[in-house]
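A closer look at the structure
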Amino acid sequence: MFIDLSAIHDTHTGMTRATLEAIPQNLASVRARIKAAALQANRNPASVRLLAVSKGWPAEVITTAYEAGQMGFGENYLQEALPKLGALKHQPGLIWHFIGALQANKTRQVAEHFDWVHTVDRERIAQRLSDQRPVTLPPLNVCIEVRLGDEPGKSGVMPEALAALVQYITGLPQLRLRGLMCIPPPTAEVAAQRSGFRRLRELFDALNHQGHRLDTLSMGMSGDFEAAILEGSTMVRIGTAIFGTRPHKDL
Ligand SMILES: *Cc1c(COP(=O)(O)O)cnc(C)c1O
């Protein structure tokens, strides 16, 4: 069951008790849907990881999901994320994923504070992330964002340029290339959802056949994650279905 939190969102305090109380139930429902989709695809449900996208929500919301067993969180905006990462830095086991558009002037703080970046789409960004990743930390896990057809915005490497970027990143000492990511244009049509995800999976399989060892296909959001799992997603990035409609629509 999906509970829309927007109706009970209190604009003054930012949160109500009811908002927080819905999170464990929403998480359980999303986990059950992930499992069902994996089984439908004859896949091991444990092969699909859940990333909770917490952009737009305060640290308290993240803590509530964490207490319900959620470890991986995705953030899109560095300025919004850093105070939350700071507030939660003593919670063991939290894994932070940067999933937003990444400008060159933001790479240092991302390299210093996050465990993963899903949106690497050019050499300059990759090189800066590797150079700026502190040597005291393990290499930064990265996915390459691929632009499939007429995706909104201008981010993502074109499929024709993917092989060269993979080669480049593989040579960077402080990055560990984990896989590919995409954000297809939203559509309610499952067949259309699946064809975009299938394209990314084919690119992923081709790279692995060439000898790369990619283990992550970051694809699927609240509106299309089941289609993504049917096409091989190993990491779904879900915000709304866990936390409700974000308080600020533009996030
Ligand atoms: C916001 C966002 C999500 C989560 O979207 P929902 O529809 O709220 O699940 C996933 N991935 C990226 C890159 C996002 O920006």
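For the structure, see preceding data.
Presented here is a report on the structure given in the accompanying data block. (Residues numbered from 1 in each chain as written. Predicted model: local features only at pLDDT ≥ 70, side-chain atom pairs only at ≥ 80, totals over all residues. Heavy atoms only, no water.)

1. Here we look at helix α6 (residues 159-170)
Because an α-helix packs 3.6 residues into every turn, residues spaced three or four apart end up facing the same way. The end-to-end C-alpha distance of α6 is 17 Å, a good match for the 16 Å that 12 residues give at a rise of 1.5 Å each. Among the residues of α6, P159, L162, L165, V166 and I169 are the ones counted as buried. Here the buried residues of α6 occupy an arc of 110 degrees about the axis, which is enough to place them on one side. Projecting away from the buried face of α6 at angles above 90 degrees are the exposed residues E160 and Q167. Packed against the buried residues of α6 are β4 (116-120), α5 (123-132), β5 (140-145), β6 (175-181) and α7 (190-209). (Helix = DSSP H or I, 4+ residues; strand = E, 2+ residues; numbered from the N terminus. Expected span 1.5 Å × (residues − 1). Buried < 20%, exposed > 50% of the residue type's maximum accessible area, 1.4 Å probe, protein only. Arc of directions from axis to C-beta. Contact = heavy atoms within 4.5 Å.)

2. Observations concerning the pairing of strand β2 (residues 72-75)
Across the two faces of β2 the burial is the same, with G72 and G74 and F73 and E75 all buried. Here 2 bridges tie strand β1 (residues 49-53) to β2, and the two strands are oriented parallel to one another. Residue pairing for β2: A52 is matched across the bridge by F73. You can see the chain leave β2, run along helix α3 (residues 78-87) and come back into strand β3 (residues 95-98), and the turn it takes is right-handed. (Pairing = 2+ DSSP bridges. Right-handed = clockwise from strand over helix to strand, strands pointing away.)

3. Some words on the side chain of N141
For N141, the position within the fold is in strand β5. In terms of polar contacts, N141 uses its side chain to reach the side chain of R178, at 2.9 Å. (Polar contact = N/O pair within 3.5 Å; in protein donor to acceptor, adjacent residues only side chain to side chain.)

4. Some details on the packing of helix α1 (residues 17-40) against helix α2 (residues 59-67)
Axis separation between α1 and α2 bottoms out at 9 Å; the angle between their running directions is 45 degrees. One way to sum up the angle between α1 and α2 is to call them oblique. Here α1 runs over α2; the crossing is right-handed. Contact residues: α1 offers L20, I23, P24 and L27, while α2 offers E60, V61, T64 and A65. Broken down by class, the residue content of the contact of α1 with α2 amounts to 6 nonpolar, 1 polar and 1 charged. (Axes fitted to C-alpha atoms, helices over the stretch in contact; angles between N-to-C directions. Parallel < 35°, antiparallel > 145°, perpendicular 65-115°, else oblique. Left-handed = near helix turned anticlockwise from the far one by under 90°. Nonpolar A, V, L, I, M, F, W, Y, C, P; charged D, E, K, R; others polar.)

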